[in-house]
Structure formats: structure tokens, C-alpha cells
Amino acid sequence: VGHCHPDIVKAAHEQNLLLNTNSRYLHDNLVDYAERLSKTLPEKLCIFYFLNSGSEANDLALRLARQYTKHEDVIVLDHAYHGHLTSLIDISPYKFRNLEGQKEWVHVAPVPDTYRGLYREDHEDAVTAYADEVKNTIEHAHKRGRKIAAFFAESLPSVGGQIIPPAGYFQKVAEHVHKAGGVFIADEIQVGFGRVGKHFWAFQLQGEDFIPDIVTMGKPIGNGHPLACVATTKEIAEAFAATGVEYFNTFGGNPVSCAIGLAVLDVIEKEQLQAHATEVGNFLMKILKELQIKHPIIGDVRGCGLFIGVDLIKDQAE
């Protein structure tokens, strides 16, 4: 919502003057914030865990998926990046290819990129073709005696090239993943919170009939203050709690962070930032597309709201 936004600074300062404590001490801000967040999400995503960073959120999502499914393996999209913890480097092809390589429990599916990917705009059914790649990945894993815990993907792959997956892709993937006993994790750390304009969450671009099992959020939700969240279903949370090992995070969801989180939601609403993202994004896309006509180096302009990619190429045909 902008650097040093006065409403955010005020909320942080006022709460700092009253109380900032660890999360063992119950505080209304946590409940109020969870309630506000829940109004932005589908009803079944009603359990919230608060943390300090997107990496912490993705690591917890992994633990939730494994505890719920009793499986270990994860399917990720090629070129993906999900965070800096060891567990997340392991599921980030963007990182592990340059480090220790791919673990046996990690399976990489192609990015659903209809511009320069395996199946392109001229393909008769790119959605099914890309989803079938995930299905094939699952079948291949099963042949090796592996079991899938989760399909883990950004709702719009960012580091992978600002990709807009074709609508309907996630529904088909979720079908294959659920059939294999896994869960669908949508990483909204970079792309959520109204950035795509027409929806509050990027996964909603896939259609109203798609709901992930776990959603992770970070970066924008605290406007630069360390705040992150995992939203999931009662069934998954109950399986996690059944271990008897409670989830605890000393400062995840502390009063100051939650006051800031609430202020961020207020500002997004009050200043109509979702509509702003749509308007400015459309304007930027229009100008970029005008440039594309003049400059053959621009192969593709794609995006939604203020999530925009420009693909620079050497050769139009190739």
C-alpha cells in the first residue's frame, strides 16, 4: 500500500505504545485479523496460522500436507521458487538445479506457459495437455513406489517468468492430485492481496469452482512488516493437531503485526487498490502492447492487474 503509509505507521505505533508480546498471550488483534482475512477467502479455508515470513508459511504448508496425507512427495512447477529455507530450496527448481540437485521426493512438472512452453496457444487443448503432464508425473512417481503429499505452485508463477496459467488448469491438476491422495497448495505470497485487480486472490482467476486446500501468504500482507499466514481447512488442521505437537511461533501473529495487517486491509478497501491495480495494469498493458507492434524484440506481453510480464526474444518464429 506504499512506503511509510501513514495509516500503517499509525497502527503500528499505537499498538506498540500499548502492548507487543509473544503469541502465548491471547490478544483480540489476532482474532480480529483472522476474521477479516476469512472474509476474503472461500468458506472452507477457515483455519489460520500466523507466521513472520512467506518462507515460514510455505514450510508450514509442507508440514500440514505431509501430516494430513501421510505421504512425503511434492510436485512443483519447473523454474519455481518458494523460499529460502532448506525445505523450500528442495522444492525450488530455480535454486536446487544450481545447488545439490533434485531430491528423490521432488517431482517437476512443466510450467503451463502457452507462449514458450511445451504446449502453446496454437495447441488444441493446452489446459488438458499441461494437466496430463502432472498426471503422468504422478503415475511415474507411483511406479517408483512414491506417494504424493502435495502439488505446490504459485497461483501465477513469478520467478518462472510471470506466467498466466490457462483457466481450468488448476481444476484438472487438483483432480489428479486429490485422486493420488495429495493436496493442492496455492502460494499467493507474491500474487495475492488484490494485485491481480479483478480478484483478491490470484487462484480465483481459474474460476469460482476452484478452491485450493492450503493457501500461503506473505510479503504484501504486512506492507513490509514481518507478517505471513497459512489458511487451510478444518480437516487438514485437525490432522495436524492430532499429533499432540502444537504449532507455535513466538512472534507469528503478535499484536503489532496483526494491527498492521488490519490496517493494510483497511487501506486496500478505503483506497480501492484492487480497482487501482486493474486500471493501472490495463493502462500499462496497453502501452506495452503498442511497443510490441513497433519492436520485434518484444515477443509477448501478458499479465493481469499489476502482475505483468514482457518476454524479450531473438526470433519471432522460434
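Small disclaimer: the values here were computed from a predicted structure and weren't measured.

With respect to the sheet that holds strand β7 (residues 228-232)
At step 1: The seven strands lie next to each other as β1-β7-β6-β5-β4-β2-β3, forming an open sheet whose pairing is mixed. Two strands close off the open sheet at either side, each with one partner strand: β1 (47-51) and β3 (106-109). Each strand of the sheet is rotated relative to its neighbour by a mean of 20°, with strand direction disregarded.
At step 2: Bridging between strand β4 (residues 148-154) and strand β5 (residues 183-187) involves five bridges; their strand directions are parallel.

Thoughts on the domain arrangement of the protein
At step 1: The domain boundaries assigned to the protein delineate domain 1 (6-271) and domain 2 (276-312).
At step 2: A separation of 26 Å is found between the C-alpha centroids of domain 1 and domain 2.
At step 3: Listed per partner, the contact involves 16 residues of domain 1 and 14 residues of domain 2.
At step 4: Carbon and sulfur atoms supply 59% of the area that domain 1 and domain 2 bury against each other, a total of about 1,200 Å² over both sides.
At step 5: When the buried surface of domain 1 facing domain 2 is broken down by residue, Tyr115, Gln162 and Arg195 rank first, second and third, together holding 46% of it.
At step 6: Across the domain 1-domain 2 interface, the total number found is one salt bridge.

Definitions and cut-offs
- Residues numbered from 1 in each chain as written.
- Predicted model: local features only at pLDDT ≥ 70, side-chain atom pairs only at ≥ 80, totals over all residues.
- Heavy atoms only, no water.
- Pairing = 2+ DSSP bridges.
- Helix = DSSP H or I, 4+ residues; strand = E, 2+ residues; numbered from the N terminus.
- Axes fitted to C-alpha atoms, helices over the stretch in contact; angles between N-to-C directions.
- Domains from an automatic or database assignment.
- Contact = heavy atoms within 4.5 Å.
- Buried area = accessible area lost by both parts, 1.4 Å probe.
- Salt bridge = Lys/Arg side-chain N within 4 Å of Asp/Glu carboxyl O.

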